[in-house]
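One-letter residues, chain by chain:
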Amino acid sequence: MTGTLLAVMLGATLISSPHTLRTELIEDTHTVYSNGYPTNASLSDVKHAWSRGNNSTYQLATIATPNPGFSWQLPAGFTDQYSYRILVASSPDLLAEGKADVWDSGDVVSPATSGIVCLSDGIKPASVYYWTVKVVARDGSVSAYAEPQSFLTARQWEAEYTRMPLVKKNQEPVAVVDDENCVFADFGKAAFGQLTLTVKSSKNDTITIHLGEDRDGNRVNRNPGGTIRYTRLKLPVRSSDDTYTLVFKPDGRNAAIKPHGKDVRAVLMPDYIGEVYPFRYCEIENGDAEIVGIKRDMVHYPWNDDASYFHSSDSILNAVWDLCRYSILATTYTGVYVDGDRERIPYEADALVNQLCHYSVDSDLSMGRYSVDYVLDNGTWPTEWILQGPIIAWNDYLYTGDNSLLKKNYDRLKARTLVELTDDNGLISTRTGRQTPELLRRCGYYGDKIDDIVDWPRSGTIGVGKDGPGEADGYELLEYNTVVNAYHYRALVLMSLIADAVGNRADALEFSERAAKVKDTINSLLFDKKRRCYRDGIGTDHCSLHASMYPMAFGLVPDKYKADVMDHIKSRGMACSVFGSQFLLDALYDGGLDDYALSLMVDKGKRGWWNMIETGSTITWEAWDKIYKPNLDWNHAWGAAPANIIPRKLMGIEPLEAGWSRMRIKPQPGNLEYASIKVPTIKGPVAVSFDKSSGSFVVDVEIPAGAVSEMYIPSESRRYKLSVNDRPFKSRWENGFATFELPAGSYKIVLSR
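The residue numbers shown here count from 1 along each chain, following its written sequence. Side-chain atom pairs in this predicted model are given and counted only at pLDDT of 80 or more, local residue features only at pLDDT of at least 70, and totals for whole chains, interfaces and linings cover all residues. Only hydrogens and water are removed before side-chain values are computed, so all heavy atoms of the structure are retained for them.

## Focus: the overall build of the protein chain
Counting secondary structure elements, the protein chain contains 19 helices and 30 strands. For the protein chain, whose C-alpha radius of gyration is 27 Å, the value lies close to the compact-globule estimate of 27 Å for 753 residues. Judged by the C-alpha coordinates and their principal axes, the protein chain covers about 80 × 70 × 60 Å. Here's how the labels work: a residue is buried when its accessible area is under 20% of the maximum for its type, exposed when over 50%, partly exposed in between, all with a 1.4 Å probe on protein chains only. Here the protein chain holds 753 residues, and 60% of them are scored as buried. Per-residue accessibility takes into account occlusion by the displayed protein chains alone, with areas from the Shrake-Rupley method and a 1.4 Å probe. Surface accessibility of the protein chain: about 28500 Å² in total, with carbon and sulfur atoms responsible for 46%. Once the 81 positive and 96 negative side-chain charges of the protein chain are each reduced to a mean point, those two points are 3 Å apart. Secondary structure counts use DSSP, requiring at least four H or I residues in a row for a helix and at least two E residues in a row for a strand, with both numbered from the N terminus. Values of the radius of gyration come from C-alpha atoms, whereas the globule rule sets the reference at 2.2 Å times the count of residues to the power 0.38. When charges are counted, neither His nor the chain ends are considered; positive counts come from Lys and Arg and negative counts from Asp and Glu. By convention, the charge on Lys lies at NZ, on Arg at CZ, on Asp at CG and on Glu at CD.

## A look at the side chain of Asn481
Mapped onto the fold, Asn481 is located in the loop between helix H11 (437-442) and helix H12 (482-501). Under this definition, polar contacts are N or O atom pairs within 3.5 Å; protein pairs additionally need one hydrogen-donor-capable and one acceptor-capable atom, and for neighbouring residues in sequence, both atoms have to be side-chain atoms. At a separation of 2.8 Å, a polar atom in the side chain of Asn481 contacts the main-chain amide nitrogen of Leu478. Contacts of Asn481, omitting those with residues within four sequence positions, involve Asp452, Tyr475, Glu476, Asp536 and Gly537. Whether two residues are in contact is decided by their heavy atoms, any of which lying within 4.5 Å being enough.

## Details of the sheet that holds strand E8 (residues 116-117)
Here we have three strands laid out as an open sheet, ordered E1-E4-E8, and antiparallel in their pairing. Here the strands that pair on one side only, and so sit at the sheet edges, are strand E1 (19-23) and E8. Should DSSP find at least two bridges between two strands, the strands are regarded as paired. Relative to strand E4 (residues 69-73), E1 runs antiparallel, the two sharing three bridges. For Thr23, the partnering residue across the bridge sits in E4 and is Phe70.

## Regarding the pattern of salt bridges
Take a side-chain nitrogen of Lys or Arg and a carboxyl oxygen of Asp or Glu: if they are within 4 Å of each other, that pair is a salt bridge. Across all of its chains, the model carries 46 salt bridges by this definition. Taking the shortest distance from any N to any O, the salt bridge between Glu420 and Arg442 comes out at 2.4 Å. Of this pair, Glu420 sits in the loop between helix H10 (410-415) and H11 while Arg442 sits in helix H11, and the two are 22 residues apart along the sequence. Two residues, Asp500 and Arg505, come together in a salt bridge whose shortest N-O distance is 2.1 Å. Bridged by salt links that share partners, the residues Asp586, Asp590, Arg648, Lys649, Glu654 and Arg664 form one connected network.

## Points about the nonpolar core
For the purposes of this section, nonpolar cores are sets of buried Ala, Val, Leu, Ile, Met, Phe, Trp, Tyr and Cys residues that join through side-chain atoms within 4.5 Å. With 181 residues, the main nonpolar core has Ile569, Trp609, Met651 and Ile749 as its most contacted residues. If sequence neighbours within four positions are ignored, Met651 has contacts with Phe310, Ile646, Ile665, Lys666, Pro667, Ala675, Ser676, Ile677, Val688, Ser689 and Phe690.

## Some points on helix H19 (residues 642-650)
The element H19 is largely enclosed, with a buried count of nine among its nine residues. Remark: Gly652 follows H19 within two positions and exhibits a positive phi of approximately 75 degrees.

## Here's the deal with the packing of helix H14 (residues 545-553) against helix H16 (residues 580-590)
At a minimum axis separation of 8 Å, H14 and H16 run at an interaxial angle of 60 degrees. Relative to H16, the element H14 lies oblique. Relative to H16, H14 is oriented so that their crossing is left-handed. Contact residues: Leu545, Met549, Tyr550, Met552 and Ala553 in H14; Gly580, Phe583, Leu584, Asp586, Ala587 and Asp590 in H16. An axis is simply a line fitted to the C-alpha atoms; with a helix, the fit covers only the stretch in contact. Between two such axes, the angle follows the N-to-C directions and lies from 0 to 180 degrees. The scheme is simple: roughly parallel for angles under 35 degrees, roughly antiparallel for over 145, roughly perpendicular for 65 to 115, oblique for anything else. Whether a crossing is left-handed or right-handed is set by the direction in which the near helix is turned from the far one by less than a right angle, anticlockwise for left-handed and clockwise for right-handed.

## Some words on the environment of Gln59
Mapped onto the fold, Gln59 is located in the loop between helix H2 (43-51) and E4. A sequence separation of 28 residues divides Gln59 from Thr31, and the C-alpha atoms of the two residues are 8.9 Å apart. In contact with Gln59, not counting residues within four places along its chain, are Thr31, Val32, Tyr33, Ser34, Asn35, Gly36, Pro165 and Tyr272. A distance of 2.8 Å separates a polar side-chain atom of Gln59 from the backbone nitrogen of Asn35.

## Quick notes on the side chain of Asn254
Here Asn254 is to be found in the loop between strand E16 (241-245) and strand E17 (277-285). From its side chain, Asn254 meets the backbone oxygen of Asp341 in a polar contact 2.7 Å long.

## Regarding the confidence of the model for the protein chain
Every residue is assigned a pLDDT by the predictor, reflecting its confidence on a scale from 0 to 100. Within the protein chain, residue pLDDT values average 94, and 96% of them lie at 70 or more. Predicted confidence is poor over residues 1-14, with pLDDT under 50, and the contacts of this stretch with residues over four places away or in other chains come to 34 contacts.

## Quick notes on unusual backbone geometry
In the segment running from Trp456 into Pro457, the intervening peptide bond is cis, with an omega of -10 degrees. Structurally, the position occupied by Pro457 is in the loop between H11 and H12. Backbone geometry places Thr20, a non-glycine residue, at a positive phi of 50 degrees. At Arg532, a position not held by glycine, the phi torsion is positive, near 55 degrees. Since its relative accessible area comes to 32%, Arg532 is described here as partly exposed.

## Quick look at the pairing of strand E10 (residues 149-152)
Neither face of E10 is left uncovered, since the one carrying Gln149 and Phe151 and the one carrying Ser150 and Leu152 both have all their residues buried. Strand direction decides the pairing type here: strand E9 (residues 128-136) and E10, joined by four bridges, are antiparallel. Following the sheet pairing, Val128 is matched in E10 by Leu152.

## Structural notes on the packing of aromatic side chains
Geometry of aromatic contacts follows a simple scheme: Phe, Tyr and Trp rings, the Trp one being its six-membered ring, pair when their centres are within 6.5 Å, and the pair is stacked under 30 degrees between planes, edge-to-face over 60, tilted otherwise. All told, the structure shown has 31 aromatic pairs when counted by the stated rule. Geometrically, the ring pair formed by Phe527 and Tyr534 is edge-to-face, given 4.8 Å between the ring centres and 65 degrees between the ring planes. Geometrically, the ring pair formed by Phe554 and Phe583 is edge-to-face, given 6.0 Å between the ring centres and 80 degrees between the ring planes. Of this pair, Phe554 sits in the loop between H14 and helix H15 (562-571) while Phe583 sits in helix H16, placing them 29 residues apart in sequence. In this structure, Phe554 and Phe583 share a single accessibility class: buried. Members of the aromatic cluster, each reached through a chain of ring pairs, are Trp385, Tyr487, Tyr550, Phe554, Phe579, Phe583 and Trp638. Both a distance and an angle decide whether a charge sits over a ring: NZ of Lys or CZ of Arg must be within 6 Å of the ring centre and within 35 degrees of the ring normal. Above the face of the Tyr326 ring, Lys189 is positioned so that its terminal group lies 4.5 Å from the ring centre. Across the ring face of Phe279, the terminal group of Arg296 is positioned such that the distance to the ring centre comes to 5.5 Å.

Written out as structure tokens, the structure reads:
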């Protein structure tokens, strides 16, 4: 049934309707899969199996709560929303008749288009439901009702958030070399997947197959080093023309790991998918047998390849973007953010970078929510990772506009601020005897203690241009550490906002006051006023990169010291890990060093993303190079920071209020002549391009309906002319930018002298 037909039946004004309806953040709740591939089965077909407890044949996103959250995007032609009305029914025919036997929200005056909770008590397990929505704009325009979305509820209500099943994508090699009883196939990019061979043999025989991430000429590299993947398998073949799918055995390194005294197991592959292996290259010693076909089934979370786009005047930056964007897709193979293939364990730090990147390159939000909820319940040992809990939870709210995760995990998030470790000097420490098992359990951590990490690996060679392991720039771990307390400050700031978002005003005030005190304490006890940078902690004069980049990234540096702190940060180069680069680049863009930040992203040295590309990897690494971390892997999403830094900082597109109702667009182009990007949001795509080639700064912007953007257009001088859609436009000059505000719509902005 079309939205127009439904609108006619309900007597609505016949204009365009809301679209991209999501239930529990999932748009595709009606497709039924089997073993990774879509089927023609309907939700009604699956319902009967689900009600009997048989869910092994089919997979789909079953809604696990009796009060799901709804979201939608506004119709074409709308710029805002004054009110909405949602109908939920047990059949599409009832909706067509204007009836809602499950829930009718009535006309609700609200601009919210996400996080709308179904307040009905009529949603039951193992049942199919349908919902639709219409909206009214402030100018009185009334939309048609949306095309109904259907969903199936789980057989029983669950505490975990709903996510999609994993899917498979059938791929053929991009190049095949057949030489001397050996076939070498290159799939173009590495992926977690499975291999299928079609073999024609005149006798019963055994062929040998080599799979790996690295090559040595037209052979798979047998000794790639570190934990770069290579495996060798024997395949018995029959005297016939047959197709074989290789079965991989689970690896003990990522099938049952218990790190640091905590009973945390790796994320296992579901039975309907089977075990996977990361490989790009396949080498087959086929003897007399003929290899008729070679295929790879890439396994990943559902993905919208059209959701994002980036291109610029710098070919290296474009290649770095492609590397990092693909890394996020390739590492979705478990359906939860993990730390690569060596352990396959979700860590908060991996989740933080992965989350921001995933938001920036794909329209899905459900995997991120599931992952955040998972790591909050399954904490890991570093102090800073525990403190990242409020950060990743707040990101979820900003990008989705749905506060259910904040409500569900509120007490856990409070504990993860680690206020109970506060000492008399106002700072927190893990070394003063205040850690208790009760506190750690409330944080979702079940080991004996947590410990400061700063960066990883955290010890080794110091300095700019170093050629040995160790990524903490010689950071001195002391009783009171600057990095830990910078994280603590950020957690307090965000916990205040979280408390406000769930309606707890008293907590919001308390955490805000705590944050202000911690900021004053850090700047009085840990800032070196002579050298104008931050010391590693109390009791040392050592000033590492990390001790200053984290305070800058987290908003701790007073305005009067920012220029000096930025000079110190710049002097240290990329003296941090691929994970640390996330915060270094955040700090550089927030401090106005866009030229330098860009130079790091396109650097051709060992400590840069181009090194990964030149070495032959197509997924980002765990570390910059084997010389810095000998056991690194080649499939680590925490190394993909440019996938979020380019949209968030270089192109400057960030949410300021929950669900993107207010955003900021602040391009910081550095020496780029032009660039263009599309970024997915829950309100619809944001598109921004700039071009400096004419001498003026020309920006084209598309802001989705229901959003307002604060605009910042670079201008070195207070004296400039600004036009929007060929008309003069008022603005103010602020710290090197012409600033103004725009509602939803398409605009051409020209700033000239």
